[in-house]
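Each chain is listed here by its residues.
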Amino acid sequence: MYEQLVKEFSGELYVEHSTLDEAMRTIYSTDASEYQERPLGVAIPHTVSDIQALIRWASINQKTLIPRAAGTSLAGQVVGNGMVVDISTYFGSILELNVEEKWVRVQPGVIRDDLNAYLKSVGLMFGPETSTSSRAMIGGMIGNNSCGLHSIVWGCTRDHLLEAKALLDDGQEVVFKETNREDWLKKSRQQNSEGRIYQELGLLVGDVNNRNIISDSYPQAAIHRRNTGYALDALCNAMENKQDLNVAALIAGSEGTLCIITEAKLALMNLPPAHKAVVAVHAQKISEILLANLVALEHRCSASELVDDFILEFTEHHPEYSLQRGFIEGHPKAILMVEFFHDDFQELLKQCEGLVDQLKSKNLGYAYPILVDQETDQAWNLRKAGLGLLRNLPGDARPVNLIEDCAVTPQDLPAYIAEVEDLLKSKQISYSMYAHAGAGEIHVEPIINLKTPEGKKQFREVLESTAHLVKKYKGSLSGEHGDGRLRGEFIPLVLGEKAFRLIQDVKKIFDPTSIFNAGKIVDVPPMDTHLRNDAFAKKEFISTYFDYGASGSLLHLTEKCSGSGDCRKTEITGGTMCPSFMATRSEKDTTRARANVLRQYLTEPIDHRTDIEEVKHIMDLCLSCKACKSECPTQVDVSKMKAEFMQAYHEKKGIPFRTKLIAGFSKQMKIAPLLPGVYNAVVGNTQIKRWVNNLIGFHPDRSMPKVGSISLRTWMIQRKSKSSSSLRKLYLFVDEFTNHIDVEKGKKTVHLMEKLGYEVCTIDHPDSARSQLSKGFLKEAKEIANQQVKLFTSLIQEDTPLVGIE
């Protein structure tokens, strides 16, 4: 089946018979949703010609292509039994910038925050900003019509999409842009796919009866966050108002089901005013917060976002987010974060104080701290971490993306949320809520155990009941996360059968043979099928050595990954996670890929399990730096997972010589200092180094560490303490790396401690076991750790600390 494709394709292709196929397909079998389905393969195209080759292949073989970027999918949009087309690696160029006219032309793999870093120097920005903006790509933002926390003033992606260059179902490349009536008629006369689209789409929206159906059935015009079905209302409104039509408005929010975007021309806006402030309204009732939200909107705020106590509790002990809590007073049920912009700082404060005064007069809230300029980052960092933080919940019950994207008008929000809460309470389901109060879209996250039949039943019942509520308030079933596999089944219920038939017509007009992302928006399978947890059968758990505490087990630790993709941010955004991904820009080297492939390995039926060698390959580039432990909102600790997995791998497959050599690093370092000059001369000789590296299995040009002329331990024995006082004592843990290689750093540490008035002591203790941990020798590491505990237990007291050097 793949021979023709291979001949025409110059990119990276993982298919049935290629190396590492199962691991790659496993990695791409899920998104941030609860859905899973193994794709036929994964294609990473280098060029537009590669995508055209994929389209020809899909057409000939009646297969579907699943376009995939990163950082925007929450409803199963990129899950399916087709060929995944990953544009994240080679379609990330900024192509053209026009500062005077305020637009930029980009490829779909450009990351939103990276784009804005590029635009900052010319005083411009791309407005829509998802909470995942550090890794969300423009292609995905177009697919889901992403909005973000400032959508009430900056709009959604559709509002900023001027043109979309796209490939149609026969590979024809077209540009969808604003088109007047005369040009529309010219295009409709073309004898090709583009001509067919303009002709048939023109007939559809030109029919007054169809426009009336859309007007009567679609969400209220006051709801700006609307991503249910296709945006036929945008074209109909333009037609009614005798404005030019832009098919790109229909492409926005189409979830890759109509075409594949290769370029986008985006409208830009000026950078926001110089100063910003956030009024953090604290209240003890959600209903109170939602009424405060209406007051905030009267004051023309730029954002109004809710965070409830469920999320705030998870920030208390988080290594990163606990540092952002300085503005929180007492124990609020929820906080409404209301933002204002202004060039004049004093005027900005007046806006904030005016809001606070009115809230007090209406007896809404109990505390109103005002954060200004850089202080506002505290509030927004807590708000943006909501999705990830919720995954820290212990046990099998998890927050599920289900009704989180439903939107109503802000005026209807108090009544709608009250009914949603009554629904969840009647089913005894816990829940959290956060996000876009100002836009009428609260992310309500029910806590459901999808590993049980009862949980699967609740999963369906909650969405179906909420869909009826959305219809009651004439809201949008999906605001910005899309319908996907999750909500698509209920589009006919919310919009009505007549409107849904028009949506089906749009799909047929663009993609009559379902080449593009089949099973989304139309022809959607039941929402409670293809769930990740359906695969739980015939499990074979590996023996483990670590204590998993509140996580419960190795499997539970892998399940903490929400797929939110924080590990895909680039060096432009900052931070450390994940260094191997930053180098390769390959999905297989992300933290979430490693968590996903290990989770699948632990839960797949044994006779269908991904080969252990493929799992090892995906784990290999983890540097065990533990950046994920601190930077991932759910603290997915891949270095811990890797060590545990590698121990199981060694028990099953044996231990390679190179691995033994690295794990036994400290033993070798005890030999090298006997003749440090000779050792350093050998490892410093290029030819010898290359020969040794080849013999061991390292890269020929890899440098080897040199040892000090004297070990730190020996240096400490040979000298007397220089401390100014012996009243205070500490023990220095002399690890093998500092002892033999970073000796000078060890000396400086000793001098510093002595300057601080400590007597620096050490004892003869085992090595750190760091090498053993990194290579998965957990049995040995455990023995070493127990020895150290026995040695230091009687020595270390509250006033006599043990100090290590990082």
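Here the structure is shown first, and the text comes after it.
## Topic: the packing of helix α8 (residues 181-188) against helix α9 (residues 193-206)
And then number 1: Running from N to C, α8 and α9 cross one another at 125 degrees; their axes reach a closest spacing of 7 Å. Classified by the angle between their axes, α8 and α9 sit oblique to one another. Contact residues: Trp184, Lys187 and Ser188 in α8; Glu194, Gly195, Tyr198, Gln199, Leu201 and Gly202 in α9.
And then number 2: When the residues that make up the contact of α8 with α9 are grouped by side-chain class, the tally is three nonpolar, four polar and two charged.

## A look at unusual backbone geometry
And then number 1: Omega for the bond connecting Met577 with Cys578 falls within 30 degrees of zero, at -5 degrees, which places this linkage in the cis form.
And then number 2: Counting through the fold element by element, Cys578 comes out in the loop between α23 (554-559) and α24 (579-584).
And then number 3: With a phi close to 95 degrees, Ala435 is a non-glycine residue in the positive phi region.
And then number 4: Relative to the helices and strands, Ala435 is located in strand β18 (residues 431-436).
And then number 5: Classification of Ala435 by relative accessible area gives buried; the value is 0%.
And then number 6: For Ser624, which is not glycine, the phi dihedral falls at a positive 55 degrees.
And then number 7: You can see Ser624 is positioned in the loop between α26 (612-619) and α27 (627-631).
And then number 8: According to the relative accessible area criterion, Ser624 is buried, its value standing at 9%.

## A closer look at the sheet that holds strand β11 (residues 260-267)
And then number 1: Within the open sheet, the six strands sit side by side as β5-β6-β11-β8-β9-β10. Their pairing is antiparallel. Bordering the open sheet on either side are β5 (94-98) and β10 (245-246), each of which pairs with just one other strand.
And then number 2: Two elements, strand β6 (residues 103-106) and β11, share four bridges in a ladder whose sense is antiparallel. Along β11, the bridge assignment pairs Trp103 with Ala267.
And then number 3: Docked against the sheet, α9 engages β9 (173-179) and β10, running at close to 35 degrees with respect to β9.

Rules used throughout
- Numbers given for residues are sequential positions, taken from 1 along each chain in its written order.
- Only residues with pLDDT of at least 70 are given local features in this predicted model, and only at 80 or more are side-chain atom pairs given and counted; all residues enter the totals for whole chains, interfaces and linings.
- Values shown for side chains rest on all heavy atoms present in the structure; no hydrogens or waters enter the calculation.
- Axes here mean lines fitted to C-alpha atoms, for a helix over just the part in contact, with angles spanning 0 to 180 degrees between N-to-C directions.
- Secondary structure elements follow DSSP: runs of H or I of four or more residues count as helices, runs of E of two or more count as strands, with numbering from the N terminus.
- Put simply, angles under 35 degrees are roughly parallel, angles over 145 are roughly antiparallel, angles from 65 to 115 are roughly perpendicular, and the rest are oblique.
- Any two residues having at least one pair of non-hydrogen atoms within 4.5 Å are treated as being in contact.
- Nonpolar residues are Ala, Val, Leu, Ile, Met, Phe, Trp, Tyr, Cys and Pro. Charged residues are Asp, Glu, Lys and Arg, and all others, Gly as well, are polar.
- Each residue is assigned to one of three classes by its accessible area relative to the maximum for its type, calculated with a 1.4 Å probe on protein chains only: buried under 20%, partly exposed between the two thresholds, exposed over 50%.
- Only strands that DSSP links by at least two bridges are regarded as paired with each other.

Nothing here speaks to function; it is all geometry.
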